[in-house]
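# Residue-level structure breakdown
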Amino acid sequence: MAAQRIRKQKIKASIFQTLAFHFNSGNLAALKIISSPNRFRYLLALAAGILLALAFPKFNVAGLAWIVPALLVFAARTKSGSEAFRIGYIGGLSFWLATLYWLLLMPAPGFSILGWIALCAFLALFQGIWLWLVSNFKSQISNSENSWSARLIWSLSGAAIWVALEMIRARIFGGFPWSFIGGSQFQMLPFIQIASVTGVYGISFLVVWTSLSFFSATQMIFQKPANRFAWQSEIILPFLAIAAIFAFGEIKLQSPQNSPSSTLRVTLIQPGVPQTLIWDEKENANRFQQLLALSENALTKKTDLLIWPESAVPELSDVNYAAITNLIRRHNVWLIFNADDVLPRANAKDINDNDVFNAAFLFGPSGNFAGIYHKQALVIFGEYIPLEHSLPFIKYLTPVTGSFAAGNEPVQFQIGDVNASPLICFEDTFPPLARKAAKDDTDFLVNLTNDGWFGNSAEQWQHEANAIFRAIENGIPLVRCCNNGITCWIDGNGRVRDIFRDKNGSVYGAGAMTINLPISAHAQTFYNRHGDWLGWICVAVTILIALKRILSRWKNQVGVSKAG
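What you see is a predicted model, and the numbers here were worked out from it, not measured in a lab.

Attention shifts here to empty space enclosed by the protein. Rolled over the atoms, a probe sized like a water molecule indicates the empty space that remains. Counted under the stated rule, the structure contains 6 cavities of 30 Å³ or more. As a volume, the largest cavity reaches approximately 120 Å³. For the largest cavity, the full set of lining residues is L52, F95, W96, F126, Q127, W130, W162, L165, E166, R169, S179 and I181. Residue assignment for the lining of the largest cavity shows that the elements contributing at least two residues are α5 (82-99), α6 (109-135) and α7 (148-169). By residue class, the composition of the lining of the largest cavity is 8 nonpolar, 2 polar and 2 charged.

So, in C-alpha coordinates, the structure goes:
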(Lines give C-alpha, C1' and ligand atoms only; values in the text may rest on other atoms or scores of the structure.)
Protein backbone atom coordinates (compact mmCIF):
# COMPACT_ATOMS: atom_id res chain seq x y z
CA MET A 1 0.00 0.00 0.00
CA ALA A 2 2.83 2.39 0.86
CA ALA A 3 4.51 1.60 -2.46
CA GLN A 4 1.27 2.35 -4.33
CA ARG A 5 0.88 5.70 -2.56
CA ILE A 6 4.48 6.64 -3.44
CA ARG A 7 3.88 5.59 -7.06
CA LYS A 8 0.69 7.70 -7.25
CA GLN A 9 2.50 10.73 -5.78
CA LYS A 10 5.28 10.35 -8.35
CA ILE A 11 2.77 10.13 -11.19
CA LYS A 12 0.92 13.18 -9.83
CA ALA A 13 4.17 15.13 -9.47
CA SER A 14 5.27 14.20 -12.97
CA ILE A 15 1.96 15.43 -14.38
CA PHE A 16 2.31 18.78 -12.61
CA GLN A 17 5.95 19.05 -13.67
CA THR A 18 4.96 18.44 -17.27
CA LEU A 19 2.25 21.09 -17.03
CA ALA A 20 4.71 23.44 -15.36
CA PHE A 21 7.19 22.93 -18.19
CA HIS A 22 4.56 23.76 -20.76
CA PHE A 23 3.26 26.69 -18.71
CA ASN A 24 6.69 28.28 -18.47
CA SER A 25 7.85 27.42 -21.97
CA GLY A 26 4.60 28.44 -23.65
CA ASN A 27 4.01 25.03 -25.30
CA LEU A 28 0.72 24.27 -23.56
CA ALA A 29 -1.83 24.79 -26.33
CA ALA A 30 -4.44 26.78 -24.43
CA LEU A 31 -1.89 29.02 -22.76
CA LYS A 32 0.06 29.43 -25.98
CA ILE A 33 -3.06 30.70 -27.72
CA ILE A 34 -3.57 33.29 -24.98
CA SER A 35 0.04 34.31 -24.42
CA SER A 36 1.45 34.43 -27.92
CA PRO A 37 -0.78 36.62 -30.09
CA ASN A 38 -1.46 39.98 -28.49
CA ARG A 39 -5.04 39.94 -29.66
CA PHE A 40 -5.86 37.18 -27.19
CA ARG A 41 -4.31 39.21 -24.38
CA TYR A 42 -6.64 42.04 -25.28
CA LEU A 43 -9.60 39.68 -25.45
CA LEU A 44 -8.75 38.42 -21.98
CA ALA A 45 -8.51 42.00 -20.69
CA LEU A 46 -11.83 42.77 -22.38
CA ALA A 47 -13.42 39.77 -20.67
CA ALA A 48 -11.91 40.77 -17.31
CA GLY A 49 -13.53 44.20 -17.56
CA ILE A 50 -16.93 42.70 -18.31
CA LEU A 51 -16.58 40.25 -15.42
CA LEU A 52 -15.83 43.15 -13.09
CA ALA A 53 -18.95 44.95 -14.31
CA LEU A 54 -20.96 41.84 -13.42
CA ALA A 55 -19.77 42.17 -9.81
CA PHE A 56 -21.81 45.39 -9.45
CA PRO A 57 -25.56 46.02 -9.55
CA LYS A 58 -27.76 44.75 -10.98
CA PHE A 59 -25.90 41.45 -11.46
CA ASN A 60 -24.21 41.54 -8.02
CA VAL A 61 -21.86 38.58 -8.59
CA ALA A 62 -19.46 39.93 -5.97
CA GLY A 63 -17.02 37.02 -6.23
CA LEU A 64 -15.96 38.04 -9.74
CA ALA A 65 -14.23 41.13 -8.35
CA TRP A 66 -11.76 38.88 -6.54
CA ILE A 67 -10.37 37.37 -9.76
CA VAL A 68 -10.30 40.33 -12.15
CA PRO A 69 -7.00 41.94 -10.99
CA ALA A 70 -5.30 38.54 -11.37
CA LEU A 71 -6.76 38.12 -14.86
CA LEU A 72 -5.41 41.51 -15.90
CA VAL A 73 -1.95 40.64 -14.59
CA PHE A 74 -2.08 37.30 -16.39
CA ALA A 75 -3.07 39.04 -19.62
CA ALA A 76 -0.01 41.27 -19.33
CA ARG A 77 2.33 38.47 -18.21
CA THR A 78 5.85 38.81 -19.71
CA LYS A 79 4.86 42.20 -21.13
CA SER A 80 6.09 45.50 -19.84
CA GLY A 81 5.75 49.21 -20.33
CA SER A 82 3.33 50.52 -22.93
CA GLU A 83 1.99 47.06 -23.82
CA ALA A 84 0.90 46.39 -20.24
CA PHE A 85 -0.69 49.84 -20.08
CA ARG A 86 -2.70 49.17 -23.24
CA ILE A 87 -3.90 45.81 -21.93
CA GLY A 88 -4.99 47.42 -18.66
CA TYR A 89 -6.63 50.26 -20.54
CA ILE A 90 -8.71 47.83 -22.62
CA GLY A 91 -9.79 46.04 -19.44
CA GLY A 92 -10.74 49.32 -17.79
CA LEU A 93 -12.55 50.58 -20.88
CA SER A 94 -14.69 47.46 -21.18
CA PHE A 95 -15.56 47.68 -17.47
CA TRP A 96 -16.60 51.31 -17.57
CA LEU A 97 -18.48 51.07 -20.87
CA ALA A 98 -20.47 48.15 -19.46
CA THR A 99 -21.12 49.48 -15.96
CA LEU A 100 -21.92 53.06 -17.03
CA TYR A 101 -24.21 52.07 -19.91
CA TRP A 102 -26.98 54.07 -18.25
CA LEU A 103 -25.34 57.31 -19.38
CA LEU A 104 -26.80 56.47 -22.80
CA LEU A 105 -30.29 56.75 -21.29
CA MET A 106 -29.98 60.48 -20.66
CA PRO A 107 -32.60 62.33 -22.74
CA ALA A 108 -29.94 64.14 -24.77
CA PRO A 109 -28.84 61.51 -27.32
CA GLY A 110 -25.82 63.23 -28.88
CA PHE A 111 -24.45 64.48 -25.58
CA SER A 112 -25.13 61.17 -23.83
CA ILE A 113 -23.05 59.19 -26.33
CA LEU A 114 -20.25 61.75 -26.23
CA GLY A 115 -20.30 61.87 -22.42
CA TRP A 116 -20.38 58.07 -22.11
CA ILE A 117 -17.37 57.58 -24.39
CA ALA A 118 -15.36 60.50 -22.99
CA LEU A 119 -15.90 59.59 -19.33
CA CYS A 120 -15.18 55.89 -19.85
CA ALA A 121 -12.08 56.68 -21.91
CA PHE A 122 -10.79 58.86 -19.08
CA LEU A 123 -11.60 56.41 -16.28
CA ALA A 124 -9.92 53.52 -18.11
CA LEU A 125 -6.61 55.33 -17.70
CA PHE A 126 -6.55 54.29 -14.05
CA GLN A 127 -6.64 50.56 -14.85
CA GLY A 128 -3.99 51.12 -17.51
CA ILE A 129 -1.70 52.92 -15.07
CA TRP A 130 -2.26 50.24 -12.45
CA LEU A 131 -1.24 47.41 -14.77
CA TRP A 132 1.73 49.41 -16.04
CA LEU A 133 3.05 49.81 -12.51
CA VAL A 134 2.21 46.31 -11.30
CA SER A 135 3.41 44.35 -14.33
CA ASN A 136 6.74 46.18 -14.31
CA PHE A 137 7.46 45.43 -10.69
CA LYS A 138 10.79 43.64 -10.36
CA SER A 139 9.31 41.31 -7.76
CA GLN A 140 6.60 40.13 -10.15
CA ILE A 141 6.69 36.36 -10.32
CA SER A 142 8.18 35.21 -13.57
CA ASN A 143 10.12 32.24 -12.28
CA SER A 144 10.54 30.15 -9.17
CA GLU A 145 13.68 31.98 -8.07
CA ASN A 146 11.82 34.92 -6.54
CA SER A 147 11.33 34.62 -2.80
CA TRP A 148 8.02 34.36 -0.96
CA SER A 149 8.69 37.74 0.67
CA ALA A 150 9.24 39.35 -2.74
CA ARG A 151 5.94 37.99 -4.00
CA LEU A 152 4.21 39.18 -0.83
CA ILE A 153 5.61 42.69 -1.31
CA TRP A 154 4.49 42.61 -4.92
CA SER A 155 0.90 41.64 -4.05
CA LEU A 156 0.66 44.15 -1.20
CA SER A 157 2.11 46.89 -3.37
CA GLY A 158 -0.31 46.05 -6.18
CA ALA A 159 -3.21 46.45 -3.75
CA ALA A 160 -1.78 49.75 -2.47
CA ILE A 161 -1.46 51.08 -6.03
CA TRP A 162 -5.07 50.16 -6.81
CA VAL A 163 -6.30 51.98 -3.70
CA ALA A 164 -4.11 55.02 -4.44
CA LEU A 165 -5.61 55.29 -7.92
CA GLU A 166 -9.12 55.07 -6.45
CA MET A 167 -8.14 57.89 -4.08
CA ILE A 168 -6.99 60.02 -7.01
CA ARG A 169 -10.09 59.19 -9.07
CA ALA A 170 -12.26 60.35 -6.16
CA ARG A 171 -10.61 63.76 -6.21
CA ILE A 172 -9.30 64.70 -9.65
CA PHE A 173 -11.46 67.08 -11.75
CA GLY A 174 -14.08 67.23 -9.02
CA GLY A 175 -13.93 63.49 -8.40
CA PHE A 176 -15.84 60.41 -9.53
CA PRO A 177 -15.85 57.98 -6.54
CA TRP A 178 -18.18 55.54 -8.28
CA SER A 179 -17.90 51.75 -8.13
CA PHE A 180 -14.65 51.26 -6.26
CA ILE A 181 -13.76 47.58 -6.47
CA GLY A 182 -14.42 47.24 -2.72
CA GLY A 183 -17.91 48.64 -3.31
CA SER A 184 -18.84 45.45 -5.17
CA GLN A 185 -18.96 43.68 -1.79
CA PHE A 186 -21.81 45.87 -0.46
CA GLN A 187 -24.04 42.88 0.30
CA MET A 188 -21.42 41.07 2.44
CA LEU A 189 -22.31 42.87 5.66
CA PRO A 190 -19.86 41.16 8.06
CA PHE A 191 -16.97 41.71 5.65
CA ILE A 192 -17.63 45.37 4.94
CA GLN A 193 -17.88 46.43 8.60
CA ILE A 194 -14.15 47.12 8.40
CA ALA A 195 -15.11 50.26 6.48
CA SER A 196 -15.80 51.83 9.89
CA VAL A 197 -12.02 51.68 10.39
CA THR A 198 -10.45 51.93 6.94
CA GLY A 199 -13.23 53.34 4.81
CA VAL A 200 -14.24 51.53 1.62
CA TYR A 201 -10.58 51.62 0.59
CA GLY A 202 -9.73 48.88 3.09
CA ILE A 203 -12.10 46.51 1.30
CA SER A 204 -10.64 47.44 -2.09
CA PHE A 205 -7.17 46.75 -0.69
CA LEU A 206 -8.10 43.29 0.57
CA VAL A 207 -9.90 42.28 -2.64
CA VAL A 208 -6.92 43.22 -4.85
CA TRP A 209 -4.33 41.78 -2.45
CA THR A 210 -6.20 38.48 -2.36
CA SER A 211 -6.57 38.42 -6.14
CA LEU A 212 -2.84 38.96 -6.69
CA SER A 213 -2.10 36.32 -4.06
CA PHE A 214 -4.27 33.91 -6.05
CA PHE A 215 -2.17 34.73 -9.09
CA SER A 216 1.00 33.94 -7.13
CA ALA A 217 -0.52 30.70 -5.85
CA THR A 218 -1.43 29.63 -9.39
CA GLN A 219 2.11 30.31 -10.52
CA MET A 220 3.48 28.21 -7.68
CA ILE A 221 1.20 25.29 -8.57
CA PHE A 222 2.84 25.12 -11.98
CA GLN A 223 6.36 25.99 -10.87
CA LYS A 224 6.54 23.77 -7.78
CA PRO A 225 3.86 21.10 -8.24
CA ALA A 226 5.36 18.70 -5.74
CA ASN A 227 5.40 21.28 -2.95
CA ARG A 228 1.82 21.84 -1.81
CA PHE A 229 2.88 24.38 0.79
CA ALA A 230 4.43 26.54 -1.93
CA TRP A 231 1.03 27.67 -3.21
CA GLN A 232 -0.70 27.53 0.16
CA SER A 233 1.81 29.96 1.63
CA GLU A 234 0.83 32.52 -1.04
CA ILE A 235 -2.75 32.80 0.21
CA ILE A 236 -2.42 32.13 3.92
CA LEU A 237 -1.97 35.80 4.95
CA PRO A 238 -4.89 37.27 2.95
CA PHE A 239 -7.09 34.38 4.11
CA LEU A 240 -6.19 35.06 7.74
CA ALA A 241 -6.94 38.75 7.17
CA ILE A 242 -10.33 37.88 5.64
CA ALA A 243 -11.16 35.59 8.56
CA ALA A 244 -10.19 38.26 11.08
CA ILE A 245 -12.24 40.90 9.29
CA PHE A 246 -15.28 38.61 9.10
CA ALA A 247 -14.94 37.90 12.82
CA PHE A 248 -14.70 41.64 13.52
CA GLY A 249 -17.78 42.25 11.38
CA GLU A 250 -19.83 39.51 13.03
CA ILE A 251 -18.97 40.81 16.49
CA LYS A 252 -19.89 44.34 15.43
CA LEU A 253 -23.20 43.24 13.91
CA GLN A 254 -24.11 41.10 16.93
CA SER A 255 -23.14 43.71 19.52
CA PRO A 256 -26.14 45.13 21.38
CA GLN A 257 -27.19 48.50 20.02
CA ASN A 258 -27.93 51.52 22.14
CA SER A 259 -31.62 51.80 22.86
CA PRO A 260 -33.16 54.62 20.83
CA SER A 261 -33.68 57.75 22.88
CA SER A 262 -36.48 58.71 20.50
CA THR A 263 -38.00 57.86 17.15
CA LEU A 264 -38.39 60.33 14.30
CA ARG A 265 -41.25 59.66 11.91
CA VAL A 266 -40.07 60.60 8.44
CA THR A 267 -42.19 60.67 5.29
CA LEU A 268 -40.29 60.34 2.02
CA ILE A 269 -41.90 61.40 -1.27
CA GLN A 270 -40.76 59.80 -4.54
CA PRO A 271 -42.38 61.72 -7.43
CA GLY A 272 -41.12 59.41 -10.21
CA VAL A 273 -40.94 62.26 -12.72
CA PRO A 274 -39.11 61.57 -16.03
CA GLN A 275 -36.21 63.91 -16.73
CA THR A 276 -37.88 65.11 -19.93
CA LEU A 277 -40.73 66.57 -17.85
CA ILE A 278 -38.30 68.16 -15.40
CA TRP A 279 -36.77 70.01 -18.34
CA ASP A 280 -40.20 70.98 -19.73
CA GLU A 281 -41.17 74.33 -18.16
CA LYS A 282 -44.74 73.85 -19.36
CA GLU A 283 -45.05 70.90 -16.99
CA ASN A 284 -43.74 72.75 -13.91
CA ALA A 285 -47.15 73.59 -12.46
CA ASN A 286 -48.55 70.09 -13.07
CA ARG A 287 -45.67 68.19 -11.51
CA PHE A 288 -45.59 70.53 -8.50
CA GLN A 289 -49.30 69.92 -7.92
CA GLN A 290 -48.66 66.16 -8.15
CA LEU A 291 -45.91 66.55 -5.53
CA LEU A 292 -48.31 68.38 -3.22
CA ALA A 293 -50.99 65.74 -3.78
CA LEU A 294 -48.58 62.89 -2.94
CA SER A 295 -47.57 64.76 0.20
CA GLU A 296 -51.15 65.46 1.30
CA ASN A 297 -52.08 61.79 0.92
CA ALA A 298 -48.98 60.66 2.84
CA LEU A 299 -49.48 63.09 5.72
CA THR A 300 -52.79 61.65 6.87
CA LYS A 301 -50.89 60.14 9.81
CA LYS A 302 -48.67 61.99 12.25
CA THR A 303 -45.26 62.76 10.73
CA ASP A 304 -42.36 64.72 12.18
CA LEU A 305 -40.35 65.32 9.01
CA LEU A 306 -41.33 65.45 5.35
CA ILE A 307 -38.59 65.09 2.71
CA TRP A 308 -38.74 65.84 -1.01
CA PRO A 309 -35.96 64.75 -3.38
CA GLU A 310 -33.70 66.77 -5.64
CA SER A 311 -35.48 68.55 -8.51
CA ALA A 312 -38.94 67.95 -7.01
CA VAL A 313 -39.66 71.70 -6.71
CA PRO A 314 -39.51 73.29 -10.19
CA GLU A 315 -38.75 76.75 -8.82
CA LEU A 316 -39.06 78.56 -5.52
CA SER A 317 -41.49 81.18 -6.85
CA ASP A 318 -43.80 83.20 -4.63
CA VAL A 319 -46.71 80.90 -5.52
CA ASN A 320 -44.76 77.72 -4.77
CA TYR A 321 -43.34 79.25 -1.59
CA ALA A 322 -46.84 79.98 -0.34
CA ALA A 323 -48.02 76.46 -1.19
CA ILE A 324 -45.05 74.93 0.65
CA THR A 325 -45.50 76.97 3.81
CA ASN A 326 -49.26 76.37 3.84
CA LEU A 327 -48.68 72.60 3.57
CA ILE A 328 -46.24 72.35 6.47
CA ARG A 329 -48.28 74.68 8.69
CA ARG A 330 -51.42 72.69 8.07
CA HIS A 331 -49.71 69.42 9.02
CA ASN A 332 -47.33 70.88 11.62
CA VAL A 333 -44.35 69.13 10.01
CA TRP A 334 -40.71 69.91 9.27
CA LEU A 335 -39.72 69.89 5.59
CA ILE A 336 -36.41 69.30 3.79
CA PHE A 337 -36.47 69.96 0.06
CA ASN A 338 -34.23 70.95 -2.84
CA ALA A 339 -34.32 74.06 -5.00
CA ASP A 340 -31.97 76.62 -6.53
CA ASP A 341 -30.65 79.40 -4.32
CA VAL A 342 -29.58 82.65 -5.96
CA LEU A 343 -27.18 85.03 -4.21
CA PRO A 344 -25.54 88.20 -5.53
CA ARG A 345 -21.79 87.90 -6.07
CA ALA A 346 -19.39 89.97 -4.02
CA ASN A 347 -19.02 93.40 -5.66
CA ALA A 348 -21.86 92.61 -8.06
CA LYS A 349 -22.19 95.22 -10.80
CA ASP A 350 -25.84 94.62 -11.66
CA ILE A 351 -28.91 92.68 -10.58
CA ASN A 352 -28.02 89.76 -12.85
CA ASP A 353 -24.53 89.28 -11.39
CA ASN A 354 -25.45 86.29 -9.24
CA ASP A 355 -24.24 82.90 -8.10
CA VAL A 356 -26.72 80.03 -8.37
CA PHE A 357 -26.41 77.14 -5.91
CA ASN A 358 -27.98 73.70 -5.90
CA ALA A 359 -29.38 73.89 -2.38
CA ALA A 360 -31.21 71.96 0.33
CA PHE A 361 -33.66 73.95 2.46
CA LEU A 362 -35.07 73.25 5.93
CA PHE A 363 -38.40 74.78 6.91
CA GLY A 364 -39.98 74.53 10.36
CA PRO A 365 -43.56 73.48 11.22
CA SER A 366 -44.67 77.12 11.44
CA GLY A 367 -43.52 77.72 7.86
CA ASN A 368 -40.35 79.48 8.93
CA PHE A 369 -37.04 79.16 7.10
CA ALA A 370 -34.67 77.17 9.37
CA GLY A 371 -31.56 76.31 7.36
CA ILE A 372 -29.88 76.02 3.97
CA TYR A 373 -27.07 73.89 2.54
CA HIS A 374 -25.25 74.55 -0.73
CA LYS A 375 -24.06 71.50 -2.66
CA GLN A 376 -20.27 71.21 -2.62
CA ALA A 377 -19.47 68.44 -5.13
CA LEU A 378 -20.78 69.48 -8.55
CA VAL A 379 -21.25 67.09 -11.49
CA ILE A 380 -18.76 67.94 -14.22
CA PHE A 381 -20.58 68.86 -17.48
CA GLY A 382 -23.83 68.36 -15.57
CA GLU A 383 -23.70 71.21 -13.06
CA TYR A 384 -20.61 73.06 -14.12
CA ILE A 385 -18.51 73.46 -17.25
CA PRO A 386 -14.74 73.27 -16.62
CA LEU A 387 -12.66 76.10 -18.09
CA GLU A 388 -15.88 77.82 -19.11
CA HIS A 389 -14.31 81.26 -19.18
CA SER A 390 -10.93 80.28 -20.63
CA LEU A 391 -12.33 77.95 -23.32
CA PRO A 392 -15.88 79.14 -24.08
CA PHE A 393 -16.39 76.62 -26.91
CA ILE A 394 -16.58 73.79 -24.32
CA LYS A 395 -20.12 74.85 -23.42
CA TYR A 396 -21.27 73.59 -26.85
CA LEU A 397 -20.18 70.06 -25.90
CA THR A 398 -22.74 69.79 -23.08
CA PRO A 399 -26.48 70.41 -22.65
CA VAL A 400 -25.72 72.54 -19.57
CA THR A 401 -26.50 76.18 -20.26
CA GLY A 402 -24.73 77.57 -17.19
CA SER A 403 -22.73 76.51 -14.16
CA PHE A 404 -23.75 76.29 -10.54
CA ALA A 405 -21.53 77.71 -7.84
CA ALA A 406 -20.19 75.27 -5.25
CA GLY A 407 -20.75 75.47 -1.51
CA ASN A 408 -17.72 75.34 0.74
CA GLU A 409 -18.80 73.56 3.93
CA PRO A 410 -21.25 71.04 5.38
CA VAL A 411 -24.31 72.27 7.24
CA GLN A 412 -26.27 70.66 10.04
CA PHE A 413 -30.05 70.95 10.09
CA GLN A 414 -31.52 71.08 13.60
CA ILE A 415 -34.95 69.45 13.62
CA GLY A 416 -36.14 69.98 17.15
CA ASP A 417 -33.73 67.92 19.26
CA VAL A 418 -32.46 65.95 16.25
CA ASN A 419 -29.54 66.90 13.99
CA ALA A 420 -29.37 65.91 10.32
CA SER A 421 -26.72 66.71 7.71
CA PRO A 422 -27.87 66.94 4.07
CA LEU A 423 -26.09 65.66 0.97
CA ILE A 424 -27.32 66.38 -2.54
CA CYS A 425 -27.21 64.23 -5.68
CA PHE A 426 -24.13 61.96 -5.74
CA GLU A 427 -22.50 63.57 -2.70
CA ASP A 428 -23.27 60.39 -0.75
CA THR A 429 -20.65 58.62 -2.89
CA PHE A 430 -17.81 60.87 -1.59
CA PRO A 431 -16.24 59.39 1.58
CA PRO A 432 -14.50 62.60 2.79
CA LEU A 433 -17.54 64.79 2.14
CA ALA A 434 -19.91 62.51 4.05
CA ARG A 435 -17.36 62.20 6.85
CA LYS A 436 -17.20 65.98 7.29
CA ALA A 437 -20.99 66.17 7.24
CA ALA A 438 -21.26 63.47 9.93
CA LYS A 439 -20.20 65.46 12.96
CA ASP A 440 -20.05 63.88 16.40
CA ASP A 441 -23.57 65.13 17.23
CA THR A 442 -25.12 64.31 13.83
CA ASP A 443 -27.98 61.84 14.24
CA PHE A 444 -28.35 60.91 10.58
CA LEU A 445 -27.37 61.87 7.04
CA VAL A 446 -30.03 62.67 4.46
CA ASN A 447 -29.48 62.46 0.71
CA LEU A 448 -31.70 64.23 -1.79
CA THR A 449 -31.09 62.98 -5.31
CA ASN A 450 -32.55 62.84 -8.79
CA ASP A 451 -31.42 59.78 -10.73
CA GLY A 452 -34.25 60.20 -13.21
CA TRP A 453 -31.63 61.34 -15.71
CA PHE A 454 -30.87 57.66 -16.32
CA GLY A 455 -34.31 56.12 -16.69
CA ASN A 456 -35.12 52.91 -14.83
CA SER A 457 -31.65 51.37 -14.88
CA ALA A 458 -28.87 49.87 -12.78
CA GLU A 459 -27.67 53.39 -11.94
CA GLN A 460 -30.09 53.73 -9.04
CA TRP A 461 -28.89 50.43 -7.54
CA GLN A 462 -25.24 51.31 -8.06
CA HIS A 463 -25.83 54.65 -6.34
CA GLU A 464 -27.43 52.91 -3.36
CA ALA A 465 -24.53 50.42 -3.16
CA ASN A 466 -22.05 53.30 -2.94
CA ALA A 467 -24.13 55.04 -0.29
CA ILE A 468 -24.17 51.99 1.99
CA PHE A 469 -20.50 52.56 2.81
CA ARG A 470 -21.09 56.14 3.96
CA ALA A 471 -23.42 54.82 6.68
CA ILE A 472 -20.89 52.20 7.85
CA GLU A 473 -17.92 54.57 7.68
CA ASN A 474 -19.62 57.06 9.97
CA GLY A 475 -21.73 54.69 12.05
CA ILE A 476 -24.98 56.62 11.59
CA PRO A 477 -28.14 56.09 9.50
CA LEU A 478 -28.45 57.47 5.99
CA VAL A 479 -31.91 58.42 4.71
CA ARG A 480 -32.21 58.58 0.91
CA CYS A 481 -35.08 60.43 -0.81
CA CYS A 482 -34.93 60.02 -4.58
CA ASN A 483 -36.92 61.07 -7.60
CA ASN A 484 -37.21 57.56 -9.06
CA GLY A 485 -35.29 55.29 -6.67
CA ILE A 486 -33.73 54.05 -4.56
CA THR A 487 -35.70 55.70 -1.73
CA CYS A 488 -34.81 53.95 1.51
CA TRP A 489 -32.95 54.26 4.77
CA ILE A 490 -29.73 52.51 5.74
CA ASP A 491 -28.73 51.93 9.35
CA GLY A 492 -25.29 52.61 10.80
CA ASN A 493 -24.15 49.05 10.01
CA GLY A 494 -25.06 49.27 6.33
CA ARG A 495 -28.31 47.32 6.51
CA VAL A 496 -30.83 48.58 3.97
CA ARG A 497 -34.02 48.89 6.01
CA ASP A 498 -37.31 50.15 4.62
CA ILE A 499 -37.18 50.57 0.86
CA PHE A 500 -39.90 52.20 -1.23
CA ARG A 501 -41.79 50.20 -3.84
CA ASP A 502 -44.92 51.32 -5.65
CA LYS A 503 -48.13 49.29 -5.85
CA ASN A 504 -46.62 47.26 -8.70
CA GLY A 505 -43.53 46.41 -6.69
CA SER A 506 -41.24 48.71 -8.66
CA VAL A 507 -38.60 50.86 -6.94
CA TYR A 508 -38.80 53.42 -9.76
CA GLY A 509 -42.47 54.46 -9.48
CA ALA A 510 -44.19 57.35 -7.74
CA GLY A 511 -45.48 57.27 -4.17
CA ALA A 512 -44.59 57.86 -0.54
CA MET A 513 -43.16 55.95 2.39
CA THR A 514 -43.16 56.74 6.11
CA ILE A 515 -40.37 55.30 8.26
CA ASN A 516 -39.69 55.20 11.97
CA LEU A 517 -36.09 56.37 12.25
CA PRO A 518 -34.47 55.43 15.58
CA ILE A 519 -32.45 58.22 17.16
CA SER A 520 -29.79 56.95 19.54
CA ALA A 521 -26.45 57.99 20.96
CA HIS A 522 -23.47 56.70 18.98
CA ALA A 523 -19.71 56.77 19.27
CA GLN A 524 -17.61 58.18 16.45
CA THR A 525 -16.07 55.48 14.30
CA PHE A 526 -12.32 55.26 13.79
CA TYR A 527 -12.82 56.30 10.18
CA ASN A 528 -14.95 59.28 11.14
CA ARG A 529 -12.19 60.47 13.48
CA HIS A 530 -9.20 59.80 11.25
CA GLY A 531 -10.48 59.76 7.67
CA ASP A 532 -8.67 58.15 4.74
CA TRP A 533 -5.51 57.24 6.63
CA LEU A 534 -5.15 53.95 4.75
CA GLY A 535 -5.77 55.62 1.41
CA TRP A 536 -3.09 58.25 2.00
CA ILE A 537 -0.58 55.58 3.04
CA CYS A 538 -1.31 53.82 -0.25
CA VAL A 539 -0.82 57.08 -2.15
CA ALA A 540 2.59 57.58 -0.51
CA VAL A 541 3.63 54.02 -1.34
CA THR A 542 2.48 54.43 -4.94
CA ILE A 543 4.44 57.65 -5.39
CA LEU A 544 7.60 55.87 -4.22
CA ILE A 545 6.94 52.95 -6.57
CA ALA A 546 6.26 55.26 -9.52
CA LEU A 547 9.40 57.30 -8.84
CA LYS A 548 11.46 54.13 -8.60
CA ARG A 549 9.97 52.89 -11.87
CA ILE A 550 10.65 56.19 -13.66
CA LEU A 551 14.18 56.42 -12.26
CA SER A 552 14.95 52.85 -13.29
CA ARG A 553 13.72 53.52 -16.81
CA TRP A 554 15.78 56.69 -17.00
CA LYS A 555 18.92 54.82 -15.86
CA ASN A 556 18.33 52.14 -18.48
CA GLN A 557 17.98 54.77 -21.20
CA VAL A 558 21.16 56.51 -20.04
CA GLY A 559 22.99 53.17 -20.00
CA VAL A 560 21.84 52.33 -23.52
CA SER A 561 22.87 55.75 -24.87
CA LYS A 562 26.31 55.44 -23.28
CA ALA A 563 26.75 51.94 -24.64
CA GLY A 564 25.80 53.22 -28.08
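There is more to say, and it comes next.
The sheet built from 6 strands is open, its strands ordered β5-β4-β3-β2-β1-β12 with mixed pairing. A strand with exactly one partner marks an edge of an open sheet, and here the two such strands are β5 (369-374) and β12 (511-519). Direction aside, the axes of adjacent strands within the sheet are offset by 35° on average. Pairing geometry for strand β1 (residues 262-270) and strand β2 (residues 305-307), over 3 bridges, is parallel. The residue bridging T267 from the neighbouring strand is L306, located in β2.

Looking now at helix α14 (residues 318-331). With 14 residues, α14 extends 20 Å between its outermost C-alpha atoms, agreeing within 8% with the 20 Å of an ideal straight helix rising 1.5 Å per residue. Within α14 the residues assigned to the buried category are N320, I324, T325, L327 and I328. End-on view of α14: buried residues confined to an arc of 155°, all on one side of the axis. Opposite the buried face of α14, by more than 90 degrees, sit the exposed residues D318, V319 and R330. Next to the buried residues of α14 lie α13 (284-298), β2, β3 (334-344) and β4 (354-363). Following α14 by one or two positions, N332 adopts a phi angle in the positive range, close to 50°.

Below, the discussion takes up the layout of surface pockets. By volume, the second largest pocket amounts to about 620 Å³. What lines the second largest pocket is a set of 26 residues, and nearest its centre among them are Q257, G475, G492, S520 and H522. Considered class by class, the residues forming the lining of the second largest pocket number 10 nonpolar, 11 polar and 5 charged.

Cut-offs applied
- Residues numbered from 1 in each chain as written.
- Predicted model: local features only at pLDDT ≥ 70, side-chain atom pairs only at ≥ 80, totals over all residues.
- Heavy atoms only, no water.
- 1 Å grid on protein atoms, 1.4 Å probe; cavity = no way out; pocket = protein on both sides within 12 Å on 5 of 7 lines; lining within 4 Å.
- Points joined across faces, edges and corners; volume = space filled by probe spheres on them.
- Helix = DSSP H or I, 4+ residues; strand = E, 2+ residues; numbered from the N terminus.
- Nonpolar A, V, L, I, M, F, W, Y, C, P; charged D, E, K, R; others polar.
- Pairing = 2+ DSSP bridges.
- Axes fitted to C-alpha atoms, helices over the stretch in contact; angles between N-to-C directions.
- Expected span 1.5 Å × (residues − 1).
- Buried < 20%, exposed > 50% of the residue type's maximum accessible area, 1.4 Å probe, protein only.
- Arc of directions from axis to C-beta.
- Contact = heavy atoms within 4.5 Å.

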